[in-house]
Amino acid sequence: QVQLVESGGGLVQPGGSLRLSCAASGSISSLNVMGWYRQAPGKQRELAATITSRGWTNYADSVQGRFTISRDNAKNMVYLQMNSLKPEDKAVYFCSYRGQIGINPVDIWGQGTQVTVSS
C-alpha cells in the first residue's frame, strides 16, 4: 500500500507563491503517475498537474505558466510550485498517485492541504 502526506499549504496574498510537497511511502511502482488535484468549495475535484515517473508533465489550462510540478524519485517526493496565485486558486489540494499492482491500476489520494489566496 502507498501512503501520501501533503504539506506546504497556507494563506497567501494574490500574486504570491506557495510550494506544496507530497511525500510518498510504501510499495511504490517503478512506473507511476503522481500529481496534484484541487477542490474548491462547492465544486468538483479537478486536475492541477501531473508528472510521470519519467518526468512527463501535464497541466490544467488554468494553471499553465504559473504552476510547476516536479518530483524527486530518489526521495519519493512530488512538489507543486505555485506562483502568481489568484483568489480562484483557493482550494484543498490533494496529492495523487497512480501505480500498478500486477495488471491492476491503483489510485491513492492524500488527505489534502488547504490553500487560501486572499488579501
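Shown above is the structure to which this text applies.
Residues numbered from 1 in each chain as written. Predicted model: local features only at pLDDT ≥ 70, side-chain atom pairs only at ≥ 80, totals over all residues. Heavy atoms only, no water.

Details of the overall build of the chain
- What the chain contains, in helices and strands, is 0 helices and 11 strands.
- Shown N-terminal to C-terminal, the secondary structure of the chain runs as helices and strands in the order β-β-β-β-β-β-β-β-β-β-β.
- Reported as C-alpha extents along the three principal axes, the dimensions of the chain are approximately 50 × 25 × 25 Å.
- The buried share of the chain, taken over its 119 residues, is 42%.
- Contacts in the chain between residues far apart in sequence, at least 24 positions, make up 53% of those at least 6 positions apart.
- When the accessible surface of the chain is totalled, it reaches about 6500 Å², and 48% of it is carbon and sulfur.
- Of the charged side chains in the chain, 11 are positive and 7 negative, and the gap between their average positions amounts to 2 Å. (Helix = DSSP H or I, 4+ residues; strand = E, 2+ residues; numbered from the N terminus. Buried < 20%, exposed > 50% of the residue type's maximum accessible area, 1.4 Å probe, protein only. Contact = heavy atoms within 4.5 Å. Areas by Shrake-Rupley, 256 points an atom, 1.4 Å probe, with all protein chains shown as cover. Lys, Arg positive; Asp, Glu negative; His and termini not counted. Charge placed at Lys NZ, Arg CZ, Asp CG, Glu CD.)

Observations regarding unusual backbone geometry
- Unusually for a residue other than glycine, N76 sits at a positive phi of about 55 degrees.
- Among the secondary structure elements, N76 is positioned in the loop between strand 7 (67-72) and strand 8 (77-82).
- In the Ramachandran plot, S84 falls in the positive-phi region, its phi being about 50 degrees despite a non-glycine side chain.
- Its place among the elements puts S84 in the loop between strand 8 and strand 9 (91-101).
- What makes S84 partly exposed here is its relative accessible area of 41%.

Some remarks on the sheet that holds strand 8
- Reading across the sheet, the 4 strands line up as 1-3-8-7 and stay open at both edges, with antiparallel pairing between neighbours. Where the open sheet ends on each side, the last strands, each with one partner, are strand 1 (2-7) and strand 7. Neighbouring strand axes in the sheet, compared pairwise and without regard to direction, differ in orientation by 15 degrees on average. (Pairing = 2+ DSSP bridges. Axes fitted to C-alpha atoms, helices over the stretch in contact; angles between N-to-C directions.)

The analysis is restricted to geometry; functional conclusions fall outside its scope.
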